[in-house]
Protein chains: 2
Amino acid sequence: MTTSEDSNEARTGERITDAEHAVMEVLWDRPRQTAAEVCEDVCAARGWSLATVKTLLSRLVQKGAVAAEPDGRRFLYSPLIAREDYVGGESRRLVDRLFGGSAASLVAHLAESEALTANDLDEIEALLKELRA
Amino acid sequence: MTTSEDSNEARTGERITDAEHAVMEVLWDRPRQTAAEVCEDVCAARGWSLATVKTLLSRLVQKGAVAAEPDGRRFLYSPLIAREDYVGGESRRLVDRLFGGSAASLVAHLAESEALTANDLDEIEALLKELRA
DNA sequence: TCACGGCGATTACAGATGTAAACCTTGCGC
DNA sequence: GCGCAAGGTTTACATCTGTAATCGCCGTGA
């Protein structure tokens, strides 16, 4: 395959689903949380029950995306894959699927569809300068 | 909500899946094709059978994403949603989900992760200039 | 006219996903 | 010592997705 990456989910093979991703975000925000703690962060927002969070955490552990560190009789969960990597993978997927692999095309599209505010443009421009430096 | 769009799948409500998307691409490339014609374009590439294409076309029609114009005893299928809109919707979803809605963040990420080649940077810069003009 | 081939519609079916209840084990408080 | 609460594990189950096979209709060529 074209993606020579070996740092993200490509390694686990298993993809992280939408629901699972919500859990990952919580763990990325703060690692080493219990299922209950994670629930506190997402259950309300997504209308989930603690049971759902437990299931998702299990699946993530199975997928090798999350580590379960024993802490007494329970576990402290932490992400095993970096957010950077996940985000990178997802971004690349989108670019590959919809823009023929050209990231520039994506940016072009965002710009043309006015998804970019003047502010965004400024930021990007600044970024470019930085990258060029 | 932030998405004021009313032109794409938001209207249909139903999301277009990956497999369906492959079919859409063919139709965007050339509208008014029969199932068999579509198959010619994708079956080989995806290892599908004609039956699969038929199913996907049906689902797309149900979802209101594709129009089936009667032509004798068969149908000529055409996209009902513009590629622009689909691409825009998907892009926005990604940006919302992974970059807190900031397209600039996405660009920043692409840049930092070296997903952008020097060439890309040039293109983007040119684009910016144009947009500013 | 009659079987056959082309085509949409119906049905199938396994695996992934979202969402959760039920169950089981074990330390803790009474 | 014992039942309860907390936490993980197992089971459940409806949908959605991917991928087809099968059914039924009908126009066409023999």
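Let's talk about the relation of the copies chain B and chain A
Overlaying chain B on chain A yields an RMSD of 0.1 Å, the required transformation being a rotation through 179° with an accompanying axial translation of 0.0 Å. Those values place the two copies in the arrangement expected of a two-fold rotation axis. The overlap is high: 100% of the interface residues of chain B also sit at the interface in chain A, so the same surface is used on both sides.

A few points about the interface of chain B and chain A
Opposite the 38 residues of chain B that make contact, chain A presents 38 residues. Between chain B and chain A lies a buried interface of about 3,400 Å² when both sides are counted; carbon and sulfur atoms form 64% of it. Area buried by chain B at its contact with chain A is led by Arg 97, Leu 98 and Arg 132 of chain B, which between them contribute 17% of it. Here Glu 90 of chain B and Arg 97 of chain A are joined by a salt bridge, their closest N and O atoms 3.7 Å apart. The interface formed by chain B and chain A holds 10 residue pairs in polar contact (both at pLDDT 80 or more) in total. Of all the secondary structure elements, the ones that give two or more residues to the side of chain B that touches chain A are helix 2 (18–29), helix 5 (83–99), helix 6 (103–112) and helix 7 (118–132) of chain B. With 13 residues, the single largest contributor to the side of chain B that touches chain A is helix 5 of chain B. Split into classes, the residues belonging to the side of chain B that touches chain A amount to 20 nonpolar, 5 polar and 13 charged.

Regarding the state of the cysteines
All names here are of chain A. Under the counting rule described, the total for this entry stands at 2 disulfides over all chains. One disulfide in the model links Cys 39 with Cys 43; its S-S distance is 2.1 Å. Taking the sign of the S-S torsion, about -115° here, the bridge from Cys 39 to Cys 43 comes out left-handed. Taken together, the residues Cys 39 and Cys 43, both in helix 3 (residues 35–46) and 4 residues apart, mark about one turn of the helix. Take Cys 39: its relative accessible area is 13%, and that puts it in the buried class. Of the residues examined, Cys 43 reaches a relative accessible area of 7% and is grouped as buried.

Notes on the protein's contact with DNA strand D
Around DNA strand D there are 18 residues in total, and Lys 54 of chain A together with Thr 17, Trp 48, Thr 55 and Arg 59 of chain B lie nearest to it. Here a base oxygen of DNA strand D sits 2.9 Å away from a polar atom, N or O, in the side chain of Arg 59 of chain B. Elements with a minimum of two residues in the surface near DNA strand D: helix 4 (50–62) and strand 2 (74–79) of chain A together with helix 2 and helix 4 (50–62) of chain B. Looking at the surface near DNA strand D, the element that brings in the most residues is helix 4 of chain B, giving 5 residues. Of the residues assigned to the surface near DNA strand D, the class counts are 7 nonpolar, 5 polar and 6 charged.

Structural notes on the protein's contact with DNA strand C
The environment of DNA strand C is formed by 18 residues, the closest being Thr 17, Trp 48, Thr 52, Thr 55 and Arg 59 of chain A. The contact atoms of DNA strand C, taken as those within 4 Å of the protein, divide so that sugar and phosphate hold 69%. Contact distances for DNA strand C include 2.5 Å between a phosphate oxygen and a side-chain N or O atom of Thr 17 of chain A. One nitrogen or oxygen atom from the side chain of Lys 54 of chain B is found 3.1 Å from a base nitrogen belonging to DNA strand C. When residues of the surface near DNA strand C are traced back to their parent elements, those giving at least two are helix 2 (18–29) and helix 4 of chain A together with helix 4 and strand 2 (74–79) of chain B. Tallied by class, the residues present in the surface near DNA strand C amount to 7 nonpolar, 5 polar and 6 charged.

Structural notes on the packing of helix 5 (residues 83–99) of chain A against helix 6 of chain B
For the pair helix 5 of chain A and helix 6 of chain B, interaxial distance at closest approach is 11 Å and the crossing angle is 100°. The orientation of helix 5 of chain A with respect to helix 6 of chain B, classified from their angle, is roughly perpendicular. Contacts between helix 5 of chain A and helix 6 of chain B involve Glu 84, Val 87, Gly 88 and Ser 91 of chain A on the former and, on the latter, Leu 106, His 109 and Leu 110 of chain B. The residue inventory of the contact of helix 5 of chain A with helix 6 of chain B, partitioned by class, reads 3 nonpolar, 3 polar and 1 charged.

What about the domain arrangement of chain A?
When cut into domains, chain A gives domain 1 (9–79) and domain 2 (102–133). Taken over C-alpha atoms, the centre of domain 1 of chain A sits 33 Å from the centre of domain 2 of chain A.

A look at the packing of aromatic side chains
Residues and elements named next belong to chain B. Counted according to the given criterion, the structure contains 4 aromatic pairs over all chains. The interplanar angle of 40° and the centroid separation of 5.6 Å between the aromatic rings of Trp 28 and Tyr 86 together place this pair among those described as tilted. Here Tyr 86 lies in helix 5 and Trp 28 lies in helix 2, a separation of 58 residues in the sequence. Tyr 86 matches Trp 28 in its accessibility class, with the two residues each being buried. Seen in terms of ring centroids, Phe 75 and Tyr 77 are 6.2 Å apart; in terms of plane orientation they differ by 65°. Their pairing is edge-to-face. Residue classification places Phe 75 among the partly exposed residues on the basis of a relative accessible area of 37%. A residue is classified by how much of its surface remains accessible, and Tyr 77, at 13% relative accessible area, is buried.

What counts as what
- Residues numbered from 1 in each chain as written.
- Chains lettered and ligands numbered in written order.
- Predicted model: local features only at pLDDT ≥ 70, side-chain atom pairs only at ≥ 80, totals over all residues.
- Heavy atoms only, no water.
- Least-squares fit on C-alpha atoms with pLDDT ≥ 70 in both.
- Contact = heavy atoms within 4.5 Å.
- Buried area = accessible area lost by both parts, 1.4 Å probe.
- Salt bridge = Lys/Arg side-chain N within 4 Å of Asp/Glu carboxyl O.
- Polar contact = N/O pair within 3.5 Å; in protein donor to acceptor, adjacent residues only side chain to side chain.
- Helix = DSSP H or I, 4+ residues; strand = E, 2+ residues; numbered from the N terminus.
- Nonpolar A, V, L, I, M, F, W, Y, C, P; charged D, E, K, R; others polar.
- Disulfide = S-S within 2.5 Å.
- Buried < 20%, exposed > 50% of the residue type's maximum accessible area, 1.4 Å probe, protein only.
- Near = heavy atom within 4 Å.
- Axes fitted to C-alpha atoms, helices over the stretch in contact; angles between N-to-C directions.
- Parallel < 35°, antiparallel > 145°, perpendicular 65-115°, else oblique.
- Domains from an automatic or database assignment.
- Phe/Tyr/Trp six-rings, centres within 6.5 Å; stacked < 30°, edge-to-face > 60°.

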